[in-house]
Amino acid sequence: MCRLDWSACAIGSPETWPQQLHTVMGLVLQSRSPAAVIWGDELATLYNDAYAAQLGDKHPASLGKSFSSMWSEIWPEIKPIIDDAMAGKSSYFEDVPYTVLPTGIPTQRWYTSSFSPVTDSNGNVVGIYITAIETTRRMQAECLYAFQSELAEHLRHLIVPDDITAAASEMLGKYLGVARVAYAAADESGETVSIERDWTDGKLPSMAGAVLRLDEFGPLIAEAIRAGETLVVADVTTDQRSAAYTNAYATNGVRSFVAIPLMKAGRLRAILSLHDSRPHYWTDHEIALAQDMVDRTWSALENARTQNELRRERDQSQYIFDSMTEGFAVLDRYWTVLRMNGEGLRITQRSASEVIGRNHWDIWPELKGTETAAIFHRVMETGKAEIVEVPFVLPNKKKAWIETRVYPSLDGGIAFFFRDITDRKVVEEKLQEADRRKDEFLAMLAHELRNPLAPIGAAAELLQMVKLDEERVRQTSRIIGRQVHHMTSLVDDLLDVSRLTRGLVELDNAPLDIRHIVADAVEQVTSLIQSRRHHFALHLPPETTMVMGDKKRLVQVIANILNNAAKYTQEGGNIVLKVEVHAAHVVIEIGDNGVGMSPDLTARAFDLFAQAERTPDRSSGGLG
């Protein structure tokens, strides 16, 4: 047990301790793991040597002092746990991060801890037995591994060098919570660096496009970087290497930084810099992450440059097989498959043993005589690259679309890239179908708008006659009115479509009696129902039924459905409108014994311009 001047201890010297405290302290001292006990109203703290090792500079001053003063920096987080334990509740926490001050510098550490109440003979809680095992190294290792995996996966799909540095800088900056991350490339002399892209959290301006001379930031700084040393500066105004050059740092908003030089073949190639606008005590974990990111980013950059060069030259290196995200294969002049990458095997659902070294036409005999086979032969004969998109049936009988780009290879054979473009083809087909429906809609609209013009024109000619009796004038006026009303209805439909597609429909929500809404809708369609001699049954709730909604739109929806029911039900048919009130909603059901809708039409009933096939006389009208 660590020595202590017990005169300052809130619970007195060991000679005065109660038996329960002696017993618990025996457990604390026997434990090989960090353990402590806090006792009494003052929460005085006693602990073993393993626990003391975790306190750093706080020991031995903390021994016998209150737990709240020992861990003052995290006391707001710890206090609810202590309160629960003093109330008799045990708790266990695994791998919890805390920002502590073991050396006076804020440091994030992880702990797995338990808090167990200690009771006296009367069952009263008099203290708390605590275990606290630091798991920082394991958690940092896990964090590092997770960061490495995420970074590798993110960079794997990037092929533009600037995109790689920007993405890596952003991931590191967000992970560490720093103000800016810059990846600067060094010139041949190692005197100047240029920043093509960087990442900032918005508190510091971007330095993208900046060209900097290392000597501007102090000769000691420049000398260390050129020597390949990682520089860690918590505060540029107090660090002797940078204090005389604070203006250069202030120009870029830098108060603290880490600079990690990347040395290759004895020459400075790049520098990764982490910037903060405030003093920042950089931890070993942060520096390790940054150093790992430098190496991985450089590797990704080298890979990207190599891939770009390989794509330009279309050579047959193994690297392109490992890094390509699309299928790639090489056939010799005798159609033997020399190579196929993993993505190609995945797309074709074959194993390497089924493909490599075998004749292409033996593996895929179904391709003989197809457009793909014709292109393969032409490229091998002419030496000119071609591209083709063809449907393909996979071994699992699933239909797919494959895009294949075919190139002549160096030995007289061919190399080809291929990828699954099924999703794109599906989208294209949907767009083509939508375009077809739009054309049909426009043709139908022209027809519908032209139909009323003939009776309107005839009526206008009648009105120009010299002698017209009053009855003839009224009849002619009614003709014009009906046709104008019909055209107005069509134009209103068009305006509704326009507002919907542009997102301009606004709903005027208000409390409404659904019975009145239904009555208004029925009134609009009654004349059509009567003209077609339908049997119409209406079932409404007996009492007032209030809903929130837009009156105009609700009436329009119900009237439109009723209108369709009336138009597409044979004369003398049956139409039923039923309103049911449930606990939290109202159900409106409209049924008829008309022609109904095919499953295909049902699936696209709410698509723009969707309609069923129309009769030649187009007697039902409407725009869909």
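Values in this document were obtained by computation on a predicted structure and should not be read as measured data. One numbering rule holds for all chains: residues counted from 1, following each sequence as written. At least 70 in pLDDT is required for a residue's local features to be given in this predicted model, at least 80 for side-chain atom pairs to be given and counted, and no such filter applies to totals for whole chains, interfaces and linings, which use all residues. Only hydrogens and water are removed before side-chain values are computed, so all heavy atoms of the structure are retained for them.

*Asks:* Mind showing me how you'd approach the overall build of the protein here?
*Replies:* Helix and strand assignments come from DSSP, with helices taken as H or I runs of at least 4 residues and strands as E runs of at least 2, each series counted from the N terminus. Looking only at helices and strands, the protein has 20 helices and 21 strands in total. The contact criterion used throughout is that any non-hydrogen atoms of two residues lie within 4.5 Å. Restricting to contacts in the protein with at least 6 residues of sequence separation, those with at least 24 account for 52%. Accessible surface, the protein as shown: approximately 34200 Å² in total, 53% of it carbon and sulfur. Here the Shrake-Rupley method, with its probe set to 1.4 Å, supplies the accessible areas, and only the displayed protein chains count as covering residues.

*Asks:* Help me understand the packing of helix H18 (residues 514-531) against helix H19 (residues 551-567), please; the structure alone is not making it clear to me.
*Replies:* The description of two helices packed together rests on the angle between their axes and the distance between the axes. Throughout, an axis means a line fitted to C-alpha atoms (over the contacting stretch in the case of helices), and angles, computed between N-to-C directions, take values from 0 to 180 degrees. One can describe the packing of H18 onto H19 by two numbers: an axis separation of 8 Å at closest approach and a directional angle of 30°. The angle between H18 and H19 places the two elements in the roughly parallel class. Crossing of H18 over H19 shows right-handed handedness. For the pair H18 and H19, the contacting residues are Ile517, Val518, Asp520, Ala521, Val522, Gln524, Val525, Leu528 and Ile529 in the first and Lys551, Leu554, Val555, Ile558, Ala559, Leu562, Asn563, Ala566 and Lys567 in the second. For the contact of H18 with H19, a count of residues per class yields 13 nonpolar, 2 polar and 3 charged. Each angle is binned into one of four classes, with values under 35 degrees roughly parallel, values over 145 roughly antiparallel, values of 65 to 115 roughly perpendicular, and all other values oblique. When the near helix sits turned anticlockwise from the far one by under a right angle, the crossing is termed left-handed; a clockwise turn instead gives a right-handed crossing. Residues are grouped as follows: Ala, Val, Leu, Ile, Met, Phe, Trp, Tyr, Cys and Pro are nonpolar; Asp, Glu, Lys and Arg are charged; all remaining types, including Gly, are polar.

*Asks:* Looking at this structure, I do not really get the environment of valine 28. What am I missing?
*Replies:* Note on placement: valine 28 falls in helix H1 (residues 19-30). Residue exposure (1.4 Å probe, protein chains only): buried if accessible area is under 20% of the type maximum, exposed if over 50%, otherwise partly exposed. Look at valine 28 and you get buried, because its relative accessible area is 0%. Sequence spacing of valine 28 and tyrosine 47 is 19 residues, and the spatial spacing of their C-alpha atoms is 6.6 Å. Discounting chain neighbours no more than four positions away, the residues touching valine 28 are Ala35, Ala36, Val37, Tyr47, Asn48 and Tyr129.

*Asks:* Got a minute to help me understand the environment of histidine 285 in this structure?
*Replies:* One can find histidine 285 in helix H9 (residues 284-313). The class for histidine 285 is buried, based on a relative accessible area of 12%. For histidine 285 and arginine 137, which are 148 residues apart along the polypeptide, the C-alpha to C-alpha distance reads 9.0 Å. The residues touching histidine 285, leaving out its near neighbours within four places in the chain, are Gln140, Cys143, Leu144 and Tyr175.

*Asks:* Which parts of the structure should I look at to understand unusual backbone geometry?
*Replies:* Comment: phi is negative for the bulk of residues other than glycine, and the bulk of peptide bonds are trans. Note the cis peptide between histidine 59 and proline 60, where omega equals 10°. Residue placement: proline 60 occurs in the loop between helix H2 (49-55) and helix H3 (67-70). Of note, the phi angle at leucine 43 is positive, near 55°, even though the residue is not glycine. Relative to the assigned elements, leucine 43 resides in the loop between strand S1 (35-39) and strand S2 (44-47).

*Asks:* Got a minute to help me understand H18 in this structure?
*Replies:* In an α-helix, one full turn covers 3.6 residues, which means residues spaced three or four apart are oriented alike. How far a helix is expected to stretch is found by multiplying one less than its residue total by 1.5 Å. Across its 18 residues, H18 extends 26 Å between first and last C-alpha, which sits within 8% of the 26 Å expected from 1.5 Å per residue. The quantity called bend is, for any residue, the angle between two axes fitted respectively to the seven residues ending at it and the seven beginning at it. Along H18, the helix axis deviates most sharply at valine 525, where the bend reaches about 45°. Along H18, the positions that sit buried rather than exposed are Ile514, Ile517, Val518, Ala521, Val522, Val525 and Ile529. Residues of H18 that are buried in the fold lie against strand S17 (509-513), strand S18 (535-539), strand S19 (546-550), H19, strand S20 (574-581) and strand S21 (586-592). In the segment just after H18, arginine 533 is the residue with positive phi, at about 55°.

*Asks:* Looking at this structure, I do not really get the sheet that holds strand S5 (residues 125-134). What am I missing?
*Replies:* Within a beta sheet, neighbouring strands are joined by backbone hydrogen bonds and run either parallel or antiparallel to one another. Here, a strand pair is defined by DSSP locating no fewer than two bridges between the strands. Read from one edge of the open sheet, 5 strands run S2-S1-S5-S4-S3, paired in antiparallel fashion. Of all the strands in the sheet, the pair left with one neighbour each is S2 and strand S3 (91-100). Neighbour-to-neighbour, the strand axes of this sheet turn through a mean angle of 30°, independent of strand direction.

*Asks:* Would you mind showing me how to read the pairing of S5 here?
*Replies:* Where a strand is regular, its side chains alternate between the two sheet faces. With respect to burial, S5 is a largely interior element, 7 of its 10 residues being buried. Looking at chain direction, S1 and S5 are connected through 5 bridges and run antiparallel. From the neighbouring strand, alanine 35 faces S5, where its bridge partner is threonine 131. With 9 bridges connecting them, strand S4 (residues 107-119) and S5 associate as antiparallel partners. Looking at S5, one finds that threonine 112 is bridged to isoleucine 133. As consecutive antiparallel partners, S4 and S5 are separated by 5 residues, and within that stretch glycine 123 has a phi angle of approximately 85°, a positive value.

*Asks:* What exactly am I supposed to notice about the sheet that holds S18 here?
*Replies:* With respect to topology, 3 strands assemble into an open sheet ordered S18-S20-S21, the strand pairing being mixed. Two strands in the sheet have a free side with no partner beyond their single neighbour: S18 and S21. Neighbour to neighbour, the strand axes of the sheet diverge by 5° on average, direction disregarded. Bridge count for S18 against S20 is 5 bridges, and the pairing is parallel. For histidine 535, the partnering residue across the bridge sits in S20 and is asparagine 574.

*Asks:* Explain the packing of aromatic side chains here, please?
*Replies:* The rule is short: rings of Phe, Tyr and Trp, with Trp giving its six-membered ring, pair when the centres are within 6.5 Å, and they are stacked under 30 degrees, edge-to-face over 60, tilted in between. One pass over the full model with this rule turns up 13 aromatic pairs. Ring geometry for tyrosine 249 versus phenylalanine 257: centroids 5.4 Å apart, planes at 15°, classification stacked. Note on tyrosine 249: relative accessible area 5%, which makes it buried. Both a distance and an angle decide whether a charge sits over a ring: NZ of Lys or CZ of Arg must be within 6 Å of the ring centre and within 35 degrees of the ring normal. In this arrangement the basic side chain of arginine 305 is found over the ring face of tryptophan 298, its NZ or CZ atom lying 5.5 Å from the centre. Here lysine 425 stacks its cationic end above the ring of tryptophan 401, 4.5 Å away from the centre of that ring.

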